[in-house]
Structures are given as structure tokens and as C-alpha cells.
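Chain by chain, the residues:
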Amino acid sequence: MPPMPADPHPFATLTPDFVQGALAAVGLMGDGRLMALNSYENRVYLAHLEPGTPLADAHPAVVLKFYRPGRWSAAQIEEEHAFSTELAAAEVPVVAPLAIEGRTLHAHGGFAFSVSPRRGGRAPELGDAEALEWIGRFIARLHTVGACTPFVHRPAVDAASYGTEPRDWLLAHGALPLEVERAWADISQEAIQMIAASALPSSAGGRFDSDSESIATLRLHADCHPGNILWTPTDRPGGGPHFVDLDDCRAGPAVQDLWMLLSGERAERQRALGALLDGYEQVRHFDRRELALIEPLRTLRMIHYSAWLARRWDDPAFPAAFPGFGSPDYWRGQVAALREQIEALAEPPLAA
């Protein structure tokens, strides 16, 4: 188990008065009502505005996101904002930050923050083929915009940053109990070596080599799990799916934004993939060679996720939300899961 944090985390300074002060710093006046929204990586608050104050007529309530210090540079955050704004201009349903006095990224009390419109919704029904088809069209529209220009500052989805580097960090920082460290080190290295022989690049500058041509990369959402897609009832204006968070956007292959929506037994994943691609290919061609990347990407995310938890353990929100993390049982479970993934890596990819 990682040691509990001893010193107050920087996020501890985000008191209600601080959040209201950040609103005032960009010329907005809150009416005092604040609600913390679910977010581990950053801190996010719903704030209601005083009627008659700037933006209040169009946006009676706004969402403030305070970015985790040291995670992204200002240039990387602004590139995320520019991508969101580009998507919104193309009528792709995303929630882009508001431009206030010509800026989307602001600073207050040592924190970078943004202000966005409030947008509600519920989790999509991933067992509904029609909903999956709609989501497929939605992702394809996002990718059509994403393919127009490359990221300059944002990193890539690759085997180095999602596998090798987090594995090395965990071992170098003694994050695993000694009784399971060797087993996890061996099985994670075996998985990474298998992935190195696949079509996934080993570094940000690598190529998605498969057959005789490289697989295209583009700007992605990159963290397209069901929690980051909200569904508005179709009988309402703007009904259907929309993204609410592009905080993890990176460059990579299109399949990165599809595979996290596939779960269950192979037959269930196959059906879901078919529905997603039915929608996707109404808008944009999908390269079937990318299907061989699904299990490598799933395996890398498991390694990356464990390192993410360990690196965030000084944030009190993490021990409270993930009480079992770091225990011998947790890591034994990871060893077993990676063994299953090694079997999955050896299987033929899903077909569509």
C-alpha cells in the first residue's frame, strides 16, 4: 500500500471563497451556490451566476475546471481548448470552454482554470445497437475534424508513454509490495514485449506499421470511455451523445476512441463493434487493420492506470476513492488480468 500523504495537497486551497474569487477574476459574479462535480484528475465545480451579470442570461450556471498543477503545460491546455472550439464550430456536439475577454485559459491563485457551459445528460445505453451506431457517427465526425491538422504540443498514444514509462516508474518508486513485485514486473514486461511486436509504436515518433503502409494517426478524444459520453434524450434539442471532457486528448489511431466502448464476452464485443462501425462508416472510412490494436491498447491502459493511481496518491481524493489500491491483493489481481491479456494478445483480432 502506498504511504498516505502527509502534507496538504494543493487542491486543498480550493475553498468556496477561492472558487468564487476565480469567477470574479474573469468578471463573473456567482450567487454563492457551488457544487463539486465528479472529477479525480482535476477539480470541477458547478457555479450559479447572479442574474443580470455577464454571461448569466445565456449561461445561468457554468462549470469551472481547475487543472491539476504540473500535469499539462499552458500550451497543451490551450491546444485542447482550440480542438474543442474547432469541433464545436464544425457542429460536433462537445462542450467547449467559453472565451472570456478573448481567452479560454485563465489563472487565479496559482491555478490554471477554464469556464464552460453547463450541459447535462446520462450515460449512454451501450447495449442498444441504435445508440452505438449514433455514437459511431459522432466519433467519426470528431475524427474528421481531428484529421485536418496535427497536434503540436499534445502527446501521442504509444507503447512508451502508456506502457514502458509507467511500468519503469512503478518499479523505480517501490509502488508494489515485495511479495508480488517480481511477478508483476515479469508479466508486464512480457506483455510489453508482445505489444512491441504488434502494430503499435514504441515511442511518440514511431509508426503504426502494419502490412506495407503505416496506419494513420489523428487528433483524438483518447479517453473515450462511457463516463465521458453523455446522452441527451432524442426528443430534446441537441439530443443524442456529446463529449464533456477532452482533458486527455492525444494523437493516435482512430480505434483508440472505439475500443473502450467494447465490453463483455467476445461475442458481445463483436456485436458492439459492428454497431459502432456501422455508424462510423456512414461518415468516415475505418481502416480494418486497426482492429489488431484493440488488445494492445487495452493492455497498455491497464499498466498506465495503475501508475496513474500511484502517482496521484498524495491527493486525498484517491485513497478515499480507491481504498484497495496498492495492496498485495490489488497487484495479484493485476498479475492475473495481465495473464488474461497475454492470452487475448495471442488471439485473432475482432472482425468487422
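See the structure shown above.
Calculation rules
Per chain, residue numbering runs from 1 following the sequence as it is written. pLDDT decides what is reported in this predicted model: residues at 70 or higher carry local features, side-chain atom pairs at 80 or more are listed and counted, and totals for whole chains, interfaces and linings draw on all residues regardless. Note that water and hydrogens are dropped before the side-chain values are worked out from all heavy atoms of the structure. Only protein atoms enter the 1 Å grid, on which a cavity is a set of points fitting a 1.4 Å probe that cannot get out and a pocket is an open set with protein on both sides within 12 Å along at least 5 of 7 lines, lining residues being those with an atom within 4 Å of a point. Grid points are joined across faces, edges and corners, and a volume is the space filled by probe spheres set on the points. Under the scheme used here, helices are H or I runs from DSSP no shorter than 4 residues and strands are E runs no shorter than 2 residues, and both carry numbers assigned from the N terminus. Residues are grouped as follows: Ala, Val, Leu, Ile, Met, Phe, Trp, Tyr, Cys and Pro are nonpolar; Asp, Glu, Lys and Arg are charged; every other residue, Gly included, is polar. Criterion used throughout: strands pair if DSSP finds at least two bridges between them. Every axis in this analysis is a line fitted to C-alpha atoms, fitted for helices over the stretch in contact. Angles between the N-to-C directions lie between 0 and 180 degrees. Only protein chains enter the calculation, and the probe is 1.4 Å; a residue is then buried if its accessible area is under 20% of its type maximum, exposed if over 50%, and partly exposed in between. Nonpolar cores are built from buried Ala, Val, Leu, Ile, Met, Phe, Trp, Tyr and Cys residues. Side-chain atoms within 4.5 Å join them into one set. The contact rule is simple, with two residues in contact once any of their heavy atoms fall within 4.5 Å. Our angle categories are set so that under 35 degrees counts as roughly parallel, over 145 as roughly antiparallel, 65 to 115 as roughly perpendicular, and the remainder as oblique. Handedness of each helix crossing follows the sense of rotation of the near helix against the far helix: counterclockwise by less than a right angle gives left-handed, clockwise gives right-handed. Helix span is expected to be 1.5 Å times the residue number reduced by one. Just so you know, the count uses Lys and Arg for positive and Asp and Glu for negative, and it drops His and the chain ends. For this document, the term salt bridge refers to a Lys or Arg side-chain nitrogen within 4 Å of an Asp or Glu carboxyl oxygen. In protein, a polar contact means a hydrogen-donor-capable atom and an acceptor-capable atom, both N or O and within 3.5 Å, with residues adjacent in sequence counting only if both atoms are side-chain atoms; elsewhere, any N or O pair within 3.5 Å suffices.

**Q** What is the right way to read empty space enclosed by the protein from this model?
**A** Enumeration according to the criterion identifies 1 cavity of 30 Å³ or more in this entry. In this structure, the largest cavity spans a volume of roughly 30 Å³. Lining the largest cavity are V157, Y162, Q256, W259, L297, L300 and R301. It is helix α7 (residues 294-311) that contributes the most residues to the lining of the largest cavity, 3 residues altogether. Tallied by class, the residues present in the lining of the largest cavity amount to 5 nonpolar, 1 polar and 1 charged.

**Q** Sorry if this is basic, but what is going on with the sheet that holds strand β4 (residues 106-108) here?
**A** The strands that make up a sheet are held in pairs by hydrogen bonds between backbone atoms, and each pair lies either parallel or antiparallel. Reading across the sheet, the 5 strands line up as β1-β2-β3-β5-β4 and stay open at both edges, with antiparallel pairing between neighbours. At either end of the open sheet lies a strand with only one pairing partner, and these are β1 (30-37) and β4. Mean inter-strand twist for the sheet, computed between neighbouring axes without regard to direction, equals 35 degrees. Where strand β3 (residues 61-66) and strand β5 (residues 111-117) come together, 5 bridges link them in antiparallel fashion. Bridged to V62 within β5 is P117.

**Q** Whenever I open this one, the pairing of strand β9 (residues 229-232) confuses me. Can you help?
**A** Where a strand is regular, its side chains alternate between the two sheet faces. Burial along β9 is two-sided: the face carrying I229 and W231 and the face carrying L230 and T232 are both buried. As paired elements, β9 and strand β10 (residues 240-243) share 4 bridges and run antiparallel to each other. Each bridged residue has a counterpart across the sheet, and for W231 the counterpart in β10 is P241.

**Q** What exactly am I supposed to notice about the nonpolar core here?
**A** Across soluble globular proteins, nonpolar side chains show a tendency to be buried alongside one another. Formed by 48 residues in total, the largest nonpolar core has its most connected members in L87, Y280 and F286. Those elements that provide at least two residues to this core are α2 (74-89), α3 (129-146), α4 (159-172), β9, α6 (266-280) and α7. Per-element accounting of this core gives the leading share, 8 residues, to α3. The residues contacting L87, other than those within four sequence positions of it, are V92, V94, L142, V145 and L246. One finds A175, L176, I187 and A307 within the second-largest nonpolar core, a separate group that totals 23 residues.

**Q** Help me understand the packing of α7 against helix α9 (residues 328-346) in this model?
**A** In a pair of packed helices, the angle between the axes and the distance between the axes together describe the arrangement. One can describe the packing of α7 onto α9 by two numbers: an axis separation of 9 Å at closest approach and a directional angle of 165 degrees. With respect to α9, the element α7 is oriented roughly antiparallel. As for the relative orientation of α7 and α9, their crossing is left-handed in sense. Contacts between α7 and α9 involve E295, P296, R298, T299, M302, I303, Y305, S306 and L309 from the former and Y330, W331, Q334, A337, L338, Q341, A344 and L345 from the latter. For the contact of α7 with α9, the per-class residue count stands at 11 nonpolar, 4 polar and 2 charged.

**Q** What is the right way to read α9 from this model?
**A** Helical geometry note: an α-helix holds 3.6 residues per turn, so side chains three or four residues apart project in the same direction. The end-to-end C-alpha distance of α9 is 28 Å, a good match for the 27 Å that 19 residues give at a rise of 1.5 Å each. Residues of α9 that are buried: Y330, W331, Q334, V335, L338, Q341, I342, A344 and L345. On its buried side, α9 packs onto α4, α5 (178-196) and α7.

**Q** Looking at this structure, how should I read the side chain of R250?
**A** Within the secondary structure layout, R250 lies in the loop between β10 and β11 (251-252). No salt bridge is formed by the buried R250; the nearest opposite charge belongs to D248, separated by 5.6 Å. Within the structure, R250 has its side chain in polar contact with the backbone oxygen of A156 (distance 3.0 Å). Once residues within four sequence positions are removed from consideration, R250 is found in contact with W72, F151, P155, A156, V157, S161, Y162, L218, R219, L220, H221 and A222.

**Q** For this particular structure, what's the right way to read unusual backbone geometry?
**A** If a residue is not glycine, its phi is most likely negative; likewise, a peptide bond is most likely trans. A positive phi angle, near 65 degrees, is found at E91, a position not held by glycine. When you line up the elements, E91 lands in the loop between α2 and β4. A positive phi is found at A222, a non-glycine position, where the angle reads about 75 degrees. Structurally, the position occupied by A222 is in the loop between β8 (218-219) and β9. In this structure A222 comes out as buried when scored by relative accessible area, which is 1%.

**Q** Where do I start with the environment of L14 in this structure?
**A** Locating L14 in the fold gives a position in the segment before α1 (16-25). Separated by 97 residues in the primary sequence, L14 and F111 place their C-alpha atoms 9.4 Å from one another. If sequence neighbours within four positions are ignored, L14 has contacts with R43, Y45, F66 and F111.

**Q** What is the right way to read the pattern of salt bridges from this model?
**A** In a structure, side chains of opposite charge can pair up when their charged atoms sit close to one another. The tally for this structure, following the rule as stated, stands at 22 salt bridges. Here E86 and R219 are joined by a salt bridge, their closest N and O atoms 2.9 Å apart. Separated by 133 residues along the polypeptide, E86 in helix α2 and R219 in strand β8 bring together distant segments of the chain. Accessibility expressed as a relative area gives 5% for R219, which makes it buried. Note that R301 is salt-bridged to D223, the shortest N-O span being 2.8 Å. Taken as a pair, R301 in helix α7 and D223 in the loop between β8 and β9 lie far apart in primary sequence, 78 residues in all. On the basis of relative accessible area, D223 is assigned to the buried category, the value being 11%. Connected via shared salt-bridge partners are E41, R43, K65, R68, R71, D245, D247, D248, R312 and D315.

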